[in-house]
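These are the residues of each chain, in order.
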There are 2 protein chains.
Amino acid sequence: MFGRIDHIGVAVADLESAIQLHTEAYGMPLVHRETIAEQGVEAVLLDVGESHVELLKPLAEDSPVGKFLAARGPGLHHVAYQVADVRAALDAARKAGLRLIDETPRTGIRGTQVAFLHPKTAGGVLTELVEAH
Amino acid sequence: MFGRIDHIGVAVADLESAIQLHTEAYGMPLVHRETIAEQGVEAVLLDVGESHVELLKPLAEDSPVGKFLAARGPGLHHVAYQVADVRAALDAARKAGLRLIDETPRTGIRGTQVAFLHPKTAGGVLTELVEAH
């Protein structure tokens, strides 16, 4: 069902220093930058192999990533796996008894179709499904 | 410097149910299982694309993963990136001003040479370097 790691999401308080860490010390090319108003984040994608690191800076303290930062500080926020068909993957997850955050796909970064599984039944991991282009 | 995501490490309290989630609901083949006494964990590797998910169950409550579980519950624990030469990558990280947990490489899962960067200067992310075979 899950084809590969699409990206890991990292919550950051200081976006510019996180970009500097990943581009200069880690040598990852910055490939995309986007403000996703409906998720309340400014997001930056960096390339690493066939995957990405997604840096997430909250636009407001009361956004989901803003609350995560306040509670736990900067760090690993979620993992996203590629699936061929996010709607079919959601159906399969529902049948497997997993709790969904998104009952239907929504538009994520770079116009991708995405959906989140609830950490409660995903081993404590906020898990995103991303439809491959 | 960093070639790809080698694996994400996930701290688990119930290893068998985490294996069931990843193999049955997520469709990831289980490829390796190992008790790493010096890290105080029982570890399981699952394949996903060119990367792995590494499930980590602590052998004792006072181990690093045991303390992580007690403080934060199950969930994302670390990310590991592949590098061509872990000793050279440690030198570069040191020169970039990053704090190291391991000053020299040690043996990780499946006999790999690995080293950890401290989350303090790695954006709050416990970051592992794994030498490619």
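Residues numbered from 1 in each chain as written. Chains lettered and ligands numbered in written order. Predicted model: local features only at pLDDT ≥ 70, side-chain atom pairs only at ≥ 80, totals over all residues. Heavy atoms only, no water.

Opposite charge on two side chains lets them pair, provided their charged atoms get close. Scanning the entire structure with this criterion turns up 12 salt bridges over all chains. Residue B:Arg33 is joined to B:Glu16 by a salt bridge in which the shortest nitrogen-to-oxygen separation is 2.7 Å. Note that B:Arg33 is positioned in strand 2 (residues 30-36) and B:Glu16 in helix 1 (residues 15-25), a separation of 17 residues in sequence. By relative accessible area, which is 40% here, B:Arg33 ends up partly exposed. Exposure remark for B:Glu16: the relative accessible area of 46% places this residue in the partly exposed category. Because the salt bridges share partners, they merge into one network encompassing A:Glu16, A:Arg33 and A:Glu42. (Salt bridge = Lys/Arg side-chain N within 4 Å of Asp/Glu carboxyl O. Helix = DSSP H or I, 4+ residues; strand = E, 2+ residues; numbered from the N terminus. Buried < 20%, exposed > 50% of the residue type's maximum accessible area, 1.4 Å probe, protein only.)

With 35 residues of chain A at the interface, the matching set in chain B holds 35 residues. Counting each side, the surface lost to burial between chain A and chain B is near 2,600 Å², with a carbon and sulfur contribution of 66%. Here chain A and chain B share zero salt bridges between them. Across the contact surface, chain A and chain B share five residue pairs in polar contact (both at pLDDT 80 or more). Elements represented by at least two residues in the side of chain A that touches chain B include exactly strand 1 (4-11), helix 1 (15-25), strand 4 (51-58) and strand 5 (75-83) of chain A. For the side of chain A that touches chain B, a count of residues per class yields 20 nonpolar, 12 polar and three charged. (Contact = heavy atoms within 4.5 Å. Buried area = accessible area lost by both parts, 1.4 Å probe. Polar contact = N/O pair within 3.5 Å; in protein donor to acceptor, adjacent residues only side chain to side chain. Nonpolar A, V, L, I, M, F, W, Y, C, P; charged D, E, K, R; others polar.)

Quick look at the sheet that holds strand 2 (residues 30-36) of chain A now. All names here are of chain A. Read across the open sheet, the eight strands follow the order 2-3-4-1-5-8-7-6; overall the sheet is mixed. Of all strands in the sheet, those with a lone pairing partner are strand 2 and strand 6 (106-107), marking the two edges. Here strand 6 pairs with strand 7 (residues 113-117) via two bridges, running antiparallel. Its bridge partner being in strand 7, Thr107 is matched across the sheet by Gln113. Contacts from helix 3 (residues 86-95) reach strand 5, strand 7 and strand 8 (127-131), with the element oriented near 15° to strand 7. (Pairing = 2+ DSSP bridges. Axes fitted to C-alpha atoms, helices over the stretch in contact; angles between N-to-C directions.)

Moving on, we get to the pairing of strand 2 of chain A. All names here are of chain A. The pairing of strand 2 with strand 3 (residues 41-48) spans six bridges and is classified as antiparallel. For His32, the partnering residue across the bridge sits in strand 3 and is Leu45. Count of turn residues in the strand 2/strand 3 antiparallel hairpin: four residues, of which Gly40 carries a positive phi of about 70°.

What UniProt calls "domain: VOC" (unreviewed entry) maps, in this numbering, to residues 4-132 of chain A. Taken end to end, residues 4-132 of chain A comprises 23% helix and 40% strand; its first and last C-alpha atoms sit 10 Å apart. (UniProt positions renumbered as here; feature names shortened; annotations may be inferred.)

Right, let's talk about the nonpolar core for a bit. Core analysis: the largest hydrophobic core is formed by 64 residues, its most contacted members being A:Ile8, A:Leu55, B:Ile8 and B:Leu55. In contact with A:Ile8, other than residues within four places in its own chain, are A:His52, A:Val53, A:Glu54, A:Leu76, A:His78, A:Val79, B:Ile5, B:Ile8, B:Val79 and B:Tyr81. (Core = buried A, V, L, I, M, F, W, Y, C linked by side-chain atoms within 4.5 Å.)

Another aspect to go through is helix 1 of chain B. Residue and element names in this part refer to chain B. By the burial criterion, the buried members of helix 1 are Leu15, Ala18, Ile19, Leu21, His22 and Ala25. Tucked into the core, helix 1 has its buried residues touching strand 2, strand 3 (41-48) and strand 4 (51-58). Capping of helix 1 at its N-terminal end is provided by Asp14; its side-chain oxygen lies 3.2 Å from the backbone amide nitrogen of Glu16.

Rotating chain A by 180° and translating it 0.0 Å along the rotation axis places it on chain B, where the RMSD comes to 0.0 Å. A rotation of that kind, with that shift, is consistent with a two-fold axis. No C-alpha of chain A lies nearer the rotation axis than that of A:Leu76, which sits 3.3 Å from it. In this assembly the copies share their binding face: 100% of the residues contributing to the interface of chain A also contribute to that of chain B. (Least-squares fit on C-alpha atoms with pLDDT ≥ 70 in both.)

A word on the environment of B:Val114. Residue and element names in this part refer to chain B. One can find Val114 in strand 7 (residues 113-117). Sequence-wise, Val114 and His78 are 36 residues apart; in three dimensions their C-alpha atoms are separated by 13 Å. Once you skip the residues sitting within four places of it in the chain, Val114 turns out to touch Val86, Pro105, Arg106, Thr107, Gly108, Glu128, Leu129 and Val130.

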